[in-house]
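A closer look at the structure
Chain residues, written in single-letter form:
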Amino acid sequence: MATITSKLTLDSTDLSTNETLGLSVSCALTVGPPSNGISQLSVSHSAKSNILEDNAVTTYVYIKNTDTTNHVKLFNDSDNHWGIVWPGQFAFFAVEDALGLRVQANNAACVIDYAYWTKS
């Protein structure tokens, strides 16, 4: 088993005239196999690509969309669309047991960086 520390910081000084935003949280995640280190994948706009299929246990996933124009749509194994990673942006999230993860570019193929780790 290994530990990954996830951290999220949200800051803004011009969000509104009345407030600033200063949020910072972290969490230690215990993980084990199976896992996949940082990899790249060319994502098609004409078909979905599998990142996780039939994951037996909750799996933590990192995705960065390296494209400057096209977003990447996120689906589960049942083809339910549930999220988007916009051009140049990233996401870190947990995929619930047995739901899987598939990705598809919106208009033209693009490249993503991704990795996943299984919750222990």
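Structure: see above.
**Quick notes on the overall build of the protein**
Across its full length, the protein carries zero helices and nine strands. For the protein, the succession of helices and strands along the chain, N to C, is β-β-β-β-β-β-β-β-β. With the C-alpha coordinates of the protein rotated into their principal frame, the extents come out at 45 × 40 × 25 Å. Looking at the protein as a whole, 33% of its 120 residues qualify as buried. Counting only contacts in the protein whose residues sit at least 6 apart along the sequence, the fraction spanning at least 24 positions is 72%. For the protein, the accessible surface area stands at approximately 7200 Å², while carbon and sulfur atoms represent 49% of it. The protein carries 6 positive and 11 negative side-chain charges, and their two centres are separated by 3 Å.

**Points about the nonpolar core**
Membership of the largest hydrophobic core comes to 18 residues, with the highest contact counts inside it found for Ile-51, Val-61, Ile-63, Phe-93, Leu-101, Val-103 and Ile-112. At the level of secondary structure, the elements contributing two or more residues to this core comprise strand S3 (49-52), strand S4 (59-65), strand S5 (72-75), strand S7 (90-95), strand S8 (101-105) and strand S9 (110-119). Phe-93 has contacts with Thr-59, Tyr-60, Val-61, Ile-63, Leu-74, Trp-82 and Leu-101, leaving out every residue within four places of it along the chain.

**Regarding the side chain of Asn-55**
Its location among the elements puts Asn-55 in the loop between S3 and S4. In terms of polar contacts, Asn-55 uses its side chain to reach the backbone carbonyl oxygen of Val-57, at 3.2 Å. A polar side-chain atom of Asn-55 sits 3.4 Å from the main-chain amide nitrogen of Leu-99. Apart from the residues within four sequence positions on either side, Asn-55 is in contact with Val-95, Glu-96, Asp-97, Ala-98, Leu-99 and Gly-100.

**A closer look at the pairing of S7**
Residues Ala-91, Phe-93 and Val-95 point to one face of S7 and are all buried, whereas Phe-90, Phe-92 and Ala-94, pointing to the other face, are not buried. Note: S4 against S7, six bridges, orientation antiparallel. Counterpart to Thr-59 in the pairing with S7 is Val-95.

**Considering the pattern of salt bridges**
Counted by the stated rule, this structure contains two salt bridges. Between Asp-79 and Lys-48 there is a salt bridge whose closest N-O contact spans 3.9 Å. Remark: Lys-48 occurs in the loop between strand S2 (21-43) and S3 and Asp-79 occurs in the loop between S5 and strand S6 (81-85); sequence separation between them is 31 residues. Using a relative accessible area of 38% as the deciding quantity, one classes Asp-79 as partly exposed. A salt bridge links Asp-79 to Arg-102; the shortest N-O distance between them is 2.7 Å. Of this pair, Asp-79 sits in the loop between S5 and S6 while Arg-102 sits in strand S8; the two residues are 23 residues apart in sequence, bridging distant segments of the chain.

Calculation rules
- Residues numbered from 1 in each chain as written.
- Predicted model: local features only at pLDDT ≥ 70, side-chain atom pairs only at ≥ 80, totals over all residues.
- Heavy atoms only, no water.
- Helix = DSSP H or I, 4+ residues; strand = E, 2+ residues; numbered from the N terminus.
- Buried < 20%, exposed > 50% of the residue type's maximum accessible area, 1.4 Å probe, protein only.
- Contact = heavy atoms within 4.5 Å.
- Areas by Shrake-Rupley, 256 points an atom, 1.4 Å probe, with all protein chains shown as cover.
- Lys, Arg positive; Asp, Glu negative; His and termini not counted.
- Charge placed at Lys NZ, Arg CZ, Asp CG, Glu CD.
- Core = buried A, V, L, I, M, F, W, Y, C linked by side-chain atoms within 4.5 Å.
- Polar contact = N/O pair within 3.5 Å; in protein donor to acceptor, adjacent residues only side chain to side chain.
- Pairing = 2+ DSSP bridges.
- Salt bridge = Lys/Arg side-chain N within 4 Å of Asp/Glu carboxyl O.

Read these as spatial facts, not as claims about activity.
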